[in-house]
Amino acid sequence: MSGMPTTPDQMELQEQIARITRMNAETGKLQEETRKFVSEAHKFAAEARKLNRDHGLAPWLVLVGVVGGLLGMVSFAARLLGVIP
């Protein structure tokens with residue numbers, strides 16, 4: 001046999017097999033794209049959690065900075081006045 005279809009039924013069968021093969025390839029591409037989108041969604045969710053955490057911590061960081069600055073100024077003034085040796 002030369003590999004060429006000899007009957008219309010064989011041609012139709014080969015066309016169906018080719019169509020199924022193309023559909024499987026397309027399905028594989030769509031599955032890979034879905035995996036990428038899901039991975040990206042996980043990254044965005046993690047980034048959103050980090051930003052929410054940072055948003056909650058920001059006022060505390062400001063407060064700690066202000067208190068630290070005030071303590072530094074008081075300590076410096078006390079040293080200038082000789083209160084602290």
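Just so you know, the residues in each chain are numbered from 1, in the order the chain's sequence is written. Totals for whole chains, interfaces and linings use all residues, but because this is a predicted model, local features are given only for residues with pLDDT of at least 70 and pairs of side-chain atoms are given and counted only at 80 or more. To obtain the side-chain values, all non-hydrogen atoms of the structure were included, while hydrogens and water were left out.

**Comments concerning the overall build of the protein**
Part 1 of the reasoning: Counting from the N terminus, the helices are DSSP H or I runs at least four residues long and the strands are E runs at least two residues long. Broken down by element type, the protein carries one helix and zero strands.
Part 2 of the reasoning: Radius of gyration here is computed from C-alpha atoms only, and the compact-globule reference equals 2.2 Å multiplied by the residue count raised to the power 0.38. Against the compact-globule benchmark of 12 Å for 85 residues, the protein has a radius of gyration of 35 Å, which places it well outside the compact range.
Part 3 of the reasoning: In terms of overall dimensions, the protein has C-alpha extents of about 110 × 25 × 10 Å along its principal axes.
Part 4 of the reasoning: Taking all 85 residues of the protein together, 1% fall into the buried category.
Part 5 of the reasoning: The accessible surface values rely on the Shrake-Rupley method and a 1.4 Å probe; as for residues, cover is taken only from the protein chains in view. Counting only carbon and sulfur atoms, one obtains 68% of the accessible surface of the protein, whose full area is about 7800 Å².
Part 6 of the reasoning: For the purpose of counting charges, residues Lys and Arg are taken to be positive, whereas Asp and Glu are taken to be negative. His and the chain ends are not included. Charge positions come from single atoms, namely NZ of Lys, CZ of Arg, CG of Asp or CD of Glu. Of note, the protein has its 10 positive side-chain charges centred 16 Å away from the centre of its 9 negative side-chain charges. Categorising residues by exposure relies on relative accessible area from a 1.4 Å probe, with only protein chains included: less than 20% of the type maximum marks a residue as buried, more than 50% marks it as exposed, and the intermediate range marks it as partly exposed.

**Observations regarding the environment of glutamate 12**
Part 1 of the reasoning: Within the secondary structure layout, glutamate 12 lies in helix 1 (residues 8-81).
Part 2 of the reasoning: Accessibility expressed as a relative area gives 44% for glutamate 12, which makes it partly exposed.
Part 3 of the reasoning: For the pair glutamate 12 and leucine 71, spaced 59 residues apart in sequence, the C-alpha to C-alpha distance is 87 Å.

**Describing the pattern of salt bridges**
Part 1 of the reasoning: By convention in these notes, a salt bridge is any Lys or Arg side-chain nitrogen within 4 Å of a carboxyl oxygen on Asp or Glu. Scanning the entire structure with this criterion turns up three salt bridges.
Part 2 of the reasoning: In this structure, the salt-bridge partner of arginine 35 is glutamate 32, at a minimum N-O distance of 2.7 Å. Placement of the pair is arginine 35 and glutamate 32 together in helix 1, with a separation of three residues, close to one helical turn.
Part 3 of the reasoning: Taken together, the shared-partner salt bridges connect Lys50, Arg53 and Asp54 into one network.

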